[in-house]
Amino acid sequence: MEWVLAEALLSQSWDPRVLLGALCRGEASAERVETLCFLLQRLEDEEARGGCGRGALPEAAREVAAGYLVPLLRGLRGRPAGGSDPGPPARQRRRVLRAAGAALRSCARLAGGSQLAAALAEEALRDLLAGGPAPGAEAAVEVLAAVGPCLRPREDGPLLERVAQAALALALAADGDGGEAGPAEDAAALAAGRLLPALGQCGGAALRAVWDGLGAAGAPPGPGRVGPQLLVLSALAERLLPEPGADRDPRTREEGPDARRCWRFWRTVQAGLAQAQDALTRKRARYLLQRAVEVSAELGARCACGPQEGNGPSLFWWSEKKKDELLKFWENYILIMETLEGNQIHVIKPVLPKLNSLFEYAVSEENGNWLFHPSWHMCIYKRMFESENKILTKEGVLHFLELYETKVLPFSPEFSEFIIGPLMDALSESSLYSRSPGQLIGSGSPLGLKLQKFLVTYISLLPEEIKSSFLLKCIQKMSSRHWCAIPILFLSKALANVPRCKALGIEALLALRDVLQCTMITHQILLRGAAQCYLLQTAMNLVDVEKVSLSDISTFLMCLRQEESLGRGTSLWTELCDWLRVNENCFRRASDCSCVGLPETSSLNAYVKNLVQEYMKSPALETGENCFMPDWFEAKLIAMMVLLAVDVEGMKSQYSEKRRTQNVLRIFLDPLLESLMKLGTNAYMPLLKTDRCLQLLVKLLHTCMLKGSSTQDDEVFTLLQNFVMSTAESISEFILRRLTMNELSSVSDLDRCHLYLMVLTELINLHLKVGWKRGSPIWRVISPLKNASIRHLQEMDHGQEPTLGTQVQRVISMAALATVCEATDRTPELQLGSLEAGPTERFLSALPLNHTLQKPHAEEESSLCEESSSSQGWGKIVAQYIHDQWVCLSFLLKKYHTLIPTSEGEILEPILPAVQMPVRTLQAALEALTVLPSDQVLPVFHCMKILVPKLLTSSESLCVESFDMAWKIISALSNTQLVFWSNLKAFVQFVFDTKVLTTAAKIKGQAYFKIKEIMYKIIEMSAIKTGVFNTLISYCCKSWIVSASNVSQVSLSTAKNYSELVLEACIFGTVFRRDQRLIQDVQTYIENLGHDCAANTVIENTKREDHYVRICAVKFLCLLDGSNMSHKLFVEDLAIKLLDKDELVSKSRTRYYVNSQQHRVKNRIWQALLVILPRFDQNFLNRIIDRIFRAGFINNQASIKYFIEWIIILILHKFPQFLPKFWDCFSYGEENLKTSICTFLSVLSHLDIITQNVPEKKPILKQAFIIVLQWCFSHNFSIRLYALVALKKIWSMCKTWHVEEFDALTSVIESSLSQVENMPGAGNAKKNWQRIQEHFFFETFHPLKDYCLETIFYILPRLSGLVEDEWIAIGKFTRFTDIPLDSGFQWYLSPTQLCERKPGDWAQQDIGSNSGEADDQSEWTDVQKKIIPWKNNVPDLDLELVFQDRVAKLGKSISRLIVVASLIDKPTNLGGLCRTCEVFGASALTVGSLQCTRDKQFQCLSVSAEQWLPLVEVRPPQLIDFLQQKKSEGYTVIGVEQTARSVDLTQYSFPERSLLLLGNEREGIPANLIQQLDVCVEIPQQGIIRSLNVHVSGALLIWEYTRQQLLKHGDTES
């Protein structure tokens, strides 16, 4: 059209000036400028052919350029671009720019010479370098792109170089993150896409300038800059890579660079493949790689590019001899990179084997060296690691970790850097460590185990000179970021298993210390404790002891928490002692260690002795009596090192001298014991020295008595105890003097007081262990301390203005009094036998409760503020003072609880006001709860526990208020706070005290309903804070039953009023989020390691898992005695509530599917009913038997049906009187029963158990035989199978008991059963008959012998397909010791072979409205035979005939297309497909569940299409059989999937009988189904996004099939 227009203009006039002048007048619209461009191009053609106007044309061209085009472009440079959103003005402007640039190029050519082009280029270059607005740069680029090819390579070389440098700078300045484009990005893209390729045509100068500019940037570029560089490289690819014919001309080769030989080029390509965030940049990188390979293959010449580093393998090389191998390598490589763009694991997984072949190509078989640089492989893994699809990331990590399992790869620095960089970054994702499907809980993370194996193998293969630096970098990487608990645990475990080697020095030890600090972040105590254990093992295995000193080791050990990992007596402590013993003379020695006085020269002993000596030296500086107390760190370190050194000596002398240990310990502690002996007599000993002595004493006792150590047979603890006891008198005298002689007067002295009282408590505990004696030093201290404390408190109540010293002494006296009360409460020997109130009790009872301390004088406030920050303000001091008051009051109330009246009106002149005026005391307790911080409320709770039962009747509202106030404190706490669990336990103990529950249930007032409300709030809280309900149910069950010596005599009349608590416990358990479930899995894995992991020994198992709630309830129920009336009533009430709950859940409209919350709750209900079933008598069963039978008709999951069937069997076995009601269950019509009748047929398959105690069996057999026989004729295949199983059992019993009435049917029944057994072929009918007979419920399960907790809670849930979260191993029942074992413990374990069975593939499951499943009948009746005794040959019903029949009835055209959508989940997609299939006449649509048609979203999109289209239900597990059946009927199975061998949709010819299989929305078609496909069809795509919606994909293929069939029919008719 353009040429026609130009010809028309030329036909009007051949004078170019006239024509061009006419076009240059008027508004510069896009159409006018484009017409001018067309005309100039036509004139160029005429000029080339020697046309007319030759003399005038150059001049005219110059006039157009100078007079019209250049001013036009100048005007466009200053005009705004219209913003980043290109509206119509912006689009018009760009059209004008493009046309004006092309016209300018024609003018330059017509003008002759290069002067005009050079002038225009100079002017445009100035504008570009001026850095004006983006529109100006865009116009300048257009001009340069237009006139650049007109410049002369030699004469205008410098200009070309400057233009090329400016264009490159503009192109590289673009934003490379793939974000939204703006004017600047448009200019940069224009420079890269048009200007640089145009300059590339100009020859060597411009191309060299661009190439040098790219090289100057360095390599590799960062993720944000790689995009612009690849944009430039891909635009110049044809110039930067040699042309196939260029090697014949040497001059051509010299002029242009060869990018293949430049390492920077390849590093940029790799950065694009691995680091680019946007798909377009990655596509450009793949294009450059593919283009380089194609050029190399065409040239055939040898080519190599080494890495920047020097001698490593080539980044790229080519050899004609290896052409086939190289092409195969790069073809597979590019295929893998393209496949990774799909980001779908089912597409990528089949391609991963090609990645293994890449390694085979990449490593030389002759010398084992790398043939290809390993960075290429790392690009693939990096893409997988950074995928948004975590399944793909996990697959990539697993594939990488498996590399060394089958091959040994040569060492490469880049490989090591990749492990420390991207691999460890990927390993920080916790979700990667989840269990594999089918793997048992606690069996360990597959990825964690592979990581361990990989690191062990890789590090063992590293060269010795590399190993140290690699491990150091690895540990430093671990310390460089915040890790979650699970990744750092498995990384630590992997490092701990690296074989011993001397690889780490002091720098690595410091890095390990930093990693230890990282482990402390998590709240999961067991996980962080285990990580600490593994990090210590790592240090012992890998540290070179000659490079570190004992001081370094001890500082490192201090980073471990002894209460979480390094407990004395654990396997880790023993391992550490052995390591120190072996290496004690190898550590780098410190010059100041002295070994004088030791039995043998030992660096460890010398170091420890020196430590103690230095520690015990008097401090150089001490600022009077107000000096701060020293930090505990040094005392903790010395205590640990002393005990380690002593235990090391114990290892040496294990079989020799026993006194050696005593001597060593004595030598170590001599300075300490000497100072302690002087404490009582030396009043001038420096205060800091006394503090340090007592701190070390406390830490020695604490470290020696940590959990995990058995103190009874511990020689070291006995020695330490004897040493401390020898100094007890001196210490106690010192403490008494310091606490009672007004020597403590500053705020910093409060910490000192805490230390003294801690030491006093330890001394009391030691005396209790060795035996309390009335004349002991502690005995002599307790009474004076108590009297002095009371005296101080009384003296300070005279109303004077308080000073800091008097207030501090008051706090100290109250703290001492609280300690004495606690010690007296624990030590009966300290209490007097009489309950007569003495002076102490009178004083405590008269204390003004919640009396706060007034701040000291104003002049002393400054000194108070200058005190140590360890006491955080006066408020903390006051809180501690009130806390100590309540500790004393708690002791008093506990001692005189019998004197507490139920109302205050009974005593006129109370001797003990706090005890005898309980209402006032409880009111004060409520006030204290409002004042005290949450970590100080425990003694108040203890007081309330004693007071509330006494006052509940008379002061109910006050008690309810106390419940509310206490609950507010508990609910405000986080379960990660240390005080939460102790506060919760105390709260439960006072609110759910047995006396409180009994009284509240009697009066049925506010308190009763408040307790119920709190109970449900605690259960609700348990969903967020795991373990809360455990505390409640454990306490209640123990208080109801455990306290009694004879459980059967305990009355549960109180518990009956709170049976909802046991009900909720029986069905308790939340469906955890994936991250919570992962944490529980890993914790179970650590627990299963047992004593091999020291954290299990040190950290007490709190049994806060949800399982323990149900375990507690079940063990409680197992202890109940059916002969005890209160027990019987409790059990019956619980059973009624369980059945009510089951009916409530069944009526719920919440979706009910396998392993849903509803399924789990119903499963737990029937488990609980099964446990308490033996306690039911006939009368009670008569009340509930109809409800149990009715439950059998409800649509339930398989596991629930097994429990219902089991219960019915046990009831009928024990009470055959209920058999008539059981027979009535078969009397309903088949339409009402549907497949629910399978439940009752399953019961009949155990008829031998039911009739075991029946003397006359024949009537029962007759009835059963008649019933079963009629169900053998059912239209439903599943029912027929169950009926046949029952028939086989009943018939065998009939033959055993010789029932003569059925002799006439013998031949018929025998032939029918024989036909079933010997069914010909391998169809579904035969397979399912074999499966159901081999099913555990019919083959192995014995309802009586298998009646045990293991079967109920572990074996049956496992065999019936319940998720592992619902399996409760029997070991948990035995480990839970809060409730004792009952006398029938032997029935906990299953005696049969059932536990060895594996889950079968036959699922007994009801299908119905609530289940999300549908009736099998439509499927089974179409493909299976009916078993009718007197008719052996019934023709198979043909699925296709059924479809054709229905189509004919609807008057529709017949199609042979079946669309299989069973893998699709979303109702919207299914509804849309249903409508599409109906519109285009598909013969059938298969779905996973027919219940989807009831979904509103489905109906909204299908618009009633399901009523006119045959729908068939084929569940995903049945798809393989369905596809094979359709293949046998002549169908071609077609998958809609992108694979390596997919056929383009436009090239594929659909057979008439086509079956179209559509994949899942997220995962596509699973790998096991891809193998069933005859062909994969792929929809051609042009865009970046690589996937369509599944409904859209299906619709495209359905239409293409319909179109092809219409064409075929049209050709046939014609």
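Keep in mind that what you see is a predicted model, and the values were worked out from it rather than measured. Going along each chain's sequence as written, the residues are numbered from 1 onward. Given that this is a predicted model, residues contribute local features only at a pLDDT of at least 70 and side-chain atom pairs are listed and counted only at 80 or more, while totals for whole chains, interfaces and linings are drawn from all residues. Only hydrogens and water are set aside; all other atoms, that is, all heavy atoms of the structure, feed into the side-chain values.

Attention now moves to the nonpolar core. By convention a nonpolar core is built from buried Ala, Val, Leu, Ile, Met, Phe, Trp, Tyr and Cys residues, the set being connected through side-chain atoms within 4.5 Å. Relative accessibility under 20% of the residue-type maximum defines a buried residue, over 50% an exposed one, and the middle range a partly exposed one, all with a 1.4 Å probe and only protein chains included. Phe400, Leu557, Phe987, Phe992, Trp1166 and Phe1222 are the most contacted members of the largest nonpolar core, which has 503 residues in total. Any two residues whose heavy atoms approach within 4.5 Å at even a single point are treated as in contact. Leave out the neighbours within four places in its chain, and Trp1166 touches Leu1139, Asp1142, Ile1188, Ala1191, Ile1200, Phe1203, Ile1204 and Ile1207. Counting residues in hydrophobic clusters, the runner-up holds 30 residues, among them Leu1509, Val1536, Val1590 and Tyr1601.

Quick look at the packing of aromatic side chains now. Only centres within 6.5 Å qualify two rings of Phe, Tyr or Trp (six-membered ring in Trp) as a pair; their planes then separate them into stacked at under 30 degrees, edge-to-face at over 60, and tilted for everything else. Under the defined criterion, the tally for this structure stands at 67 aromatic pairs. Centroid distance Phe1029 to Phe1068: 5.1 Å. Interplanar angle 90°. Geometry classified as edge-to-face. Note that Phe1029 is positioned in helix H49 (residues 1028-1042) and Phe1068 in the loop between helix H51 (1059-1066) and helix H52 (1074-1088), a separation of 39 residues in sequence. Of the two residues, Phe1029 and Phe1068, both sit in the buried class. Ring-pair connections join several aromatic residues into one group, and the members of that group are Phe359, Trp370, Tyr381, Phe385, Phe400, Tyr404, Phe415, Phe418, Phe454, Tyr458 and Phe470. One Lys or Arg, Arg692, reaches over the ring of Tyr615 and ends 4.3 Å from the middle of that ring. Charges are assigned to positions over rings by a cutoff of 6 Å between ring centre and Lys NZ or Arg CZ, combined with an angular limit of 35 degrees from the ring normal. The lysine or arginine in question, Lys1004, covers the ring of Tyr1008, its NZ or CZ lying 4.8 Å from the ring centre. Each helix is a run of DSSP H or I of at least 4 residues and each strand a run of E of at least 2, with the numbering of both proceeding from the N terminus.

Attention shifts here to the pattern of salt bridges. By definition, a salt bridge exists where a carboxyl oxygen of Asp or Glu is found within 4 Å of a side-chain nitrogen of Lys or Arg. Tallied over the full model, the rule gives 58 salt bridges. Among the salt bridges present, the one from Asp691 reaches Arg752, with a minimum N-O distance of 2.7 Å. With Asp691 in helix H33 (residues 687-704) and Arg752 in helix H36 (residues 748-770), this residue pair connects regions lying 61 residues apart in the sequence. Pair check on accessibility: Asp691 and Arg752 agree, each one buried. Salt bridges here are not isolated pairs; linked through shared partners, they connect Arg1110, Arg1160, Arg1164, Asp1365 and Glu1366.

Quick look at helix H32 (residues 659-678) now. To estimate how far a helix should reach, multiply one less than its number of residues by 1.5 Å. Its 20 residues place the ends of H32 26 Å apart at the C-alpha level, agreeing with the 28 Å of an ideal helix rising 1.5 Å per residue. The sharpest bend along H32 reaches about 55° and sits at Leu669, with the proline Pro671 one to four residues further on. Listing the buried residues of H32 in full gives Arg660, Thr661, Val664, Leu665, Ile667, Phe668, Leu669, Pro671, Leu672, Leu673, Ser675 and Leu676. In this structure, the buried residues of H32 make contact with helix H30 (603-616), helix H31 (633-652), H33, helix H34 (715-726) and helix H35 (728-740). In this analysis the local bend is the angle between axes fitted, respectively, to the seven residues ending at and the seven residues starting at the residue.

Close contact between H33 and H36 brings their axes to 10 Å; oriented N to C, the two are set at 40°. One element, H33, and the other, H36, form an angle in the oblique class. The hand of the H33/H36 crossing is left-handed. Residues Leu687, Leu688, Asp691, Leu694, Gln695, Leu697, Val698, Leu701 and His702 of H33 lie in contact with H36, whose contacting residues are Arg752, Leu755, Tyr756, Met758, Val759, Glu762 and Leu766. As a working rule, the residues Ala, Val, Leu, Ile, Met, Phe, Trp, Tyr, Cys and Pro are called nonpolar, Asp, Glu, Lys and Arg charged, and the rest polar, with Gly in that last group. Grouping the amino acids of the contact of H33 with H36 by side-chain chemistry returns 11 nonpolar, two polar and three charged. Helix axes are fitted only over the stretch in contact, all axes being lines through C-alpha atoms; the angle between N-to-C directions runs from 0 to 180 degrees. By the definition adopted for this analysis, an angle is roughly parallel if under 35 degrees, roughly antiparallel if over 145, roughly perpendicular if from 65 to 115, and oblique otherwise. Handedness of a helix crossing follows the sense of rotation of the near helix relative to the far helix, less than a right angle counterclockwise being left-handed and clockwise being right-handed.

Further remarks concern helix H26 (residues 506-519). Two residues of an α-helix separated by three or four positions point the same way, owing to the 3.6 residues in each turn. End to end, H26 covers 20 Å across 14 residues, agreeing with the expected 20 Å (1.5 Å per residue, within 8%). Among the structural elements, helix H24 (464-479), helix H25 (485-496), helix H27 (525-542) and helix H28 (550-557) are those in contact with the buried residues of H26.

The subject of this paragraph is the sheet that holds strand E8 (residues 1554-1557). Strands pair, by our definition, only if DSSP identifies at least two bridges between them. Across the sheet, seven strands lie side by side as E5-E4-E3-E8-E6-E9-E7; this open sheet has parallel pairing. The outermost strands of the open sheet, each flanked by one partner alone, are strand E5 (1511-1513) and strand E7 (1543-1544). The pairing of strand E6 (residues 1532-1536) with strand E9 (residues 1575-1578) spans three bridges and is classified as parallel. Bridging across to E9, Ile1534 finds its partner in Val1575. Strand contacts of helix H72 (residues 1467-1479): strand E3 (1457-1461), strand E4 (1484-1487) and E5, with the helix running at about 165° to E4, the strand carrying the most contacts. Along the sheet, helix H74 (residues 1519-1528) makes contact with E3, E4, E6 and E8, crossing E8 at roughly 160°.

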